[in-house]
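Listed here are the chains, written in short residue letters.
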Amino acid sequence: MTAKLINGNEIARQIREELKQETAHLKSGHNVVPGLVTILVGQNPASISYVTAKQKISKELGFYSVQDNQPENISEGELLALIEKYNKDPQIHGILVQLPLPKHIHETNVLLAIDPRKDVDGFHPINVGKLMIGEADYLPCTPAGIQQLLIRTGVETSGAEVVVVGRSNIVGKPIANILLQKQKGANATVTICHTGSKNMEFHTKRADILIVAAGKPKAITADMVKEGAVVIDVGVNRIGVTPEGKAKLCGDVDFENVKEKAGAITPVPGGVGPMTITMLMMNTVKAAGIAAGVKHT
Ligand code: NAP
């Protein structure tokens, strides 16, 4: 069997088109322009490219978009004061502090400083807790993107055996939590595997939907996958440089062999990756709508 390819670029494009229309509606009908600030500390090249992409897309969607660059040596107190300024700014609905931060700044203090109503990354403990109790306003972006990929390719999650490989706070735990909820696009039976799991293959082979976020190339091989399973590969591993000088990427799944066994599979790149930024935009539109008392559609 050759798996159906789940095209994250195309699904992300469709969602952005919807968000563009929603943004225009918020503007014309409610006089609200979604506002997003991206705060970059220092000059990390990967972080610069991430915030540049976020700014570009937010402008394309018609947002009020602010790029705030701060020097590497900004103190934690100064960064917290800056966040407080944006917490109070009515034109800003979403605050994104690009991680990682320099070592002298405590990341948790920064995440806690963001007003949960403007926490479009969904990392504030209040939003983590709301997800846990099934009342999330903002889902963390990568897991939210995975759920959208499943919904929009017509994958039935209700009653499905889902196995998640990886238990990080930004991917593994939240996607498990999202798919566990008694809600549409969820309601699955969920197992989480990690480096302490015994006999991983026993678990992965049971999966109707296998979600892999381990950060290890070829952590999942064809013999670990059930025939016809849906395989979502979250991993992004840099394995060299292309002749054009770009980073050569692979996921956590042995794509070439697993695609012969799976029913559907996400490629790397072009699968989960494009969904993450798009979900940040969705959360910002939602935040603007909530601030204006308008329901997100
Ligand atoms: P992380 O914080 O390093 O967590 C990796 C998790 O995988 C840990 O829970 C670890 O277990 C588990 N693990 C590692 N090797 C394993 C193995 N051989 N068998 C079973 N479990 C294993 O990583 P992360 O932040 O979740 O990211 C995971 C991958 O997704 C990375 O490649 C990252 O670049 C990528 N990613 C992509 C996006 C995107 O937008 N496309 C977004 C976020 C992350 P322990 O807890 O026991 O150590």
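Quick look at the structure, then. Note that this is a predicted model, so its numbers are computed, not measured.

**Topic: the pairing of strand β7 (residues 209-212)**
Side chains Ile209 and Ile211 of β7 all project onto a buried face; the interleaved residues Leu210 and Val212 project onto the opposite face, where all are buried too. Inspection of the sheet shows strand β5 (residues 161-165) paired to β7 by four bridges, in the parallel sense. Across the sheet, the residue bridging to valine 164 is isoleucine 211, located in β7. Where β7 lies against strand β8 (residues 230-233), four bridges are found, and the strand directions are parallel.

**Describing the pairing of strand β9 (residues 237-241)**
Two elements, β9 and strand β10 (residues 247-250), share four bridges in a ladder whose sense is antiparallel. Looking at β10, one finds that valine 241 is bridged to alanine 247. The hairpin formed by β9 and β10 contains five residues between the paired strands, and glycine 245 there has a positive phi angle of roughly 90 degrees.

**A word on the environment of isoleucine 126**
Relative to the elements of secondary structure, isoleucine 126 occurs in helix α5 (residues 125-132). The class of isoleucine 126 is partly exposed, set by a relative accessible area of 46%. Isoleucine 126 sits 11 residues away from aspartate 115 along the chain, and the two C-alpha atoms are 9.8 Å apart.

**A closer look at unusual backbone geometry**
The general pattern is negative phi for most residues beyond glycine and trans for most peptide bonds. Here the bond from leucine 99 into proline 100 is cis, since omega is 0 degrees, no more than 30 degrees from zero. As for its placement among the helices and strands, proline 100 is situated in the loop between β4 (94-97) and α4 (107-113). Omega for the peptide link from valine 268 to proline 269 comes to 0 degrees, which places this bond in the cis form. Inspection of the secondary structure puts proline 269 in the loop between β11 (264-265) and α10 (273-292). You will see that asparagine 31, though not glycine, has its phi angle at about 60 degrees, which is positive.

**Considerations on empty space enclosed by the protein**
Rolling a probe over the atoms, with the probe sized like a water molecule, indicates the empty space that remains. Throughout the structure, instances matching the rule amount to one cavity of 30 Å³ or more. The calculated volume of the largest cavity comes to roughly 30 Å³. Partitioned by chemical class, the residues of the lining of the largest cavity number five nonpolar, no polar and two charged.

**Details of the site of the ligand**
Taken together, the neighbourhood of the ligand is formed by 19 residues, with Arg167, Ser168, Thr195, Val236 and Thr276 sitting nearest. Within the backbone of alanine 213, an N or O atom sits 3.4 Å from an oxygen atom of the ligand. A distance of 3.0 Å separates an oxygen atom of the ligand from a polar atom in the backbone of valine 236. Taken by itself the ligand offers 930 Å² of open surface, and the protein chains cover 69% of this. Of the residues contributing to the shell around the ligand, the split by class is eight nonpolar, nine polar and two charged.

**Observations concerning the pattern of salt bridges**
Applying the stated rule across the entire model yields 11 salt bridges. A salt bridge links glutamate 201 to lysine 205; the nearest nitrogen and oxygen atoms lie 3.9 Å apart. A salt bridge links lysine 259 to glutamate 256, with the shortest nitrogen-to-oxygen separation between them at 3.4 Å. The structure contains a network of salt bridges with shared partners spanning Glu256, Lys259 and Glu260.

**Remarks on the side chain of asparagine 283**
By secondary structure assignment, the location of asparagine 283 is in helix α10. Residue asparagine 283 is classed as buried on the basis of its relative accessible area of 4%. Other than its neighbours up to four places away in sequence, asparagine 283 contacts Val120, Tyr138, Leu139 and Cys141.

**Looking at the nonpolar core**
Counting 48 residues, the largest nonpolar core has Ile146, Ile211, Ile232 and Met281 as the members making the most contacts within it. Elements with a minimum of two residues in this core: α1 (8-30), α6 (141-152), β5, α7 (172-180), β7, β8 and α10. The greatest single-element share of this core, amounting to nine residues, is contributed by α10. Discounting residues that sit within four places of it in the chain, isoleucine 146 has contacts with Val171, Ile175, Ile211, Ile232, Val234 and Val272. Among the nonpolar cores identified, the runner-up in size contains 18 residues, and Met200, Val212, Ala222 and Val253 belong to it.

**Some details on the layout of surface pockets**
Approximately 1,400 Å³ is the volume attributed to the largest pocket. Ranked by residues supplied to the lining of the largest pocket, first place goes to helix α2 (residues 45-60) with six residues. Taken together, the residues of the lining of the largest pocket sort by class into 25 nonpolar, 13 polar and six charged.

**Considerations on the sheet that holds β4**
On the basis of which strands lie adjacent, the open sheet formed by three strands has the order β3-β2-β4 and parallel pairing. Only two strands of the sheet have a single neighbouring strand rather than two, namely β3 (64-70) and β4. The mean inter-strand angle of the sheet, taken between neighbouring strand axes irrespective of direction, is 15 degrees. Of the pairings in the sheet, the one linking strand β2 (residues 35-41) to β3 comprises seven bridges and is parallel in character. Paired with leucine 40 across the two strands is asparagine 69, which belongs to β3. Each of β2, β3 and β4 is contacted by helix α3 (residues 76-88), which is oriented at about 175 degrees to β2, the strand it contacts most. Its contacts with the sheet put α10 on β2 and β4, and the angle it makes with β2 is roughly 130 degrees.

Criteria and thresholds
- Residues numbered from 1 in each chain as written.
- Predicted model: local features only at pLDDT ≥ 70, side-chain atom pairs only at ≥ 80, totals over all residues.
- Heavy atoms only, no water.
- Buried < 20%, exposed > 50% of the residue type's maximum accessible area, 1.4 Å probe, protein only.
- Helix = DSSP H or I, 4+ residues; strand = E, 2+ residues; numbered from the N terminus.
- Pairing = 2+ DSSP bridges.
- 1 Å grid on protein atoms, 1.4 Å probe; cavity = no way out; pocket = protein on both sides within 12 Å on 5 of 7 lines; lining within 4 Å.
- Points joined across faces, edges and corners; volume = space filled by probe spheres on them.
- Nonpolar A, V, L, I, M, F, W, Y, C, P; charged D, E, K, R; others polar.
- Near = heavy atom within 4 Å.
- Polar contact = N/O pair within 3.5 Å; in protein donor to acceptor, adjacent residues only side chain to side chain.
- Areas by Shrake-Rupley, 256 points an atom, 1.4 Å probe, with all protein chains shown as cover.
- Salt bridge = Lys/Arg side-chain N within 4 Å of Asp/Glu carboxyl O.
- Contact = heavy atoms within 4.5 Å.
- Core = buried A, V, L, I, M, F, W, Y, C linked by side-chain atoms within 4.5 Å.
- Axes fitted to C-alpha atoms, helices over the stretch in contact; angles between N-to-C directions.

Purely geometric numbers; function is a separate question.
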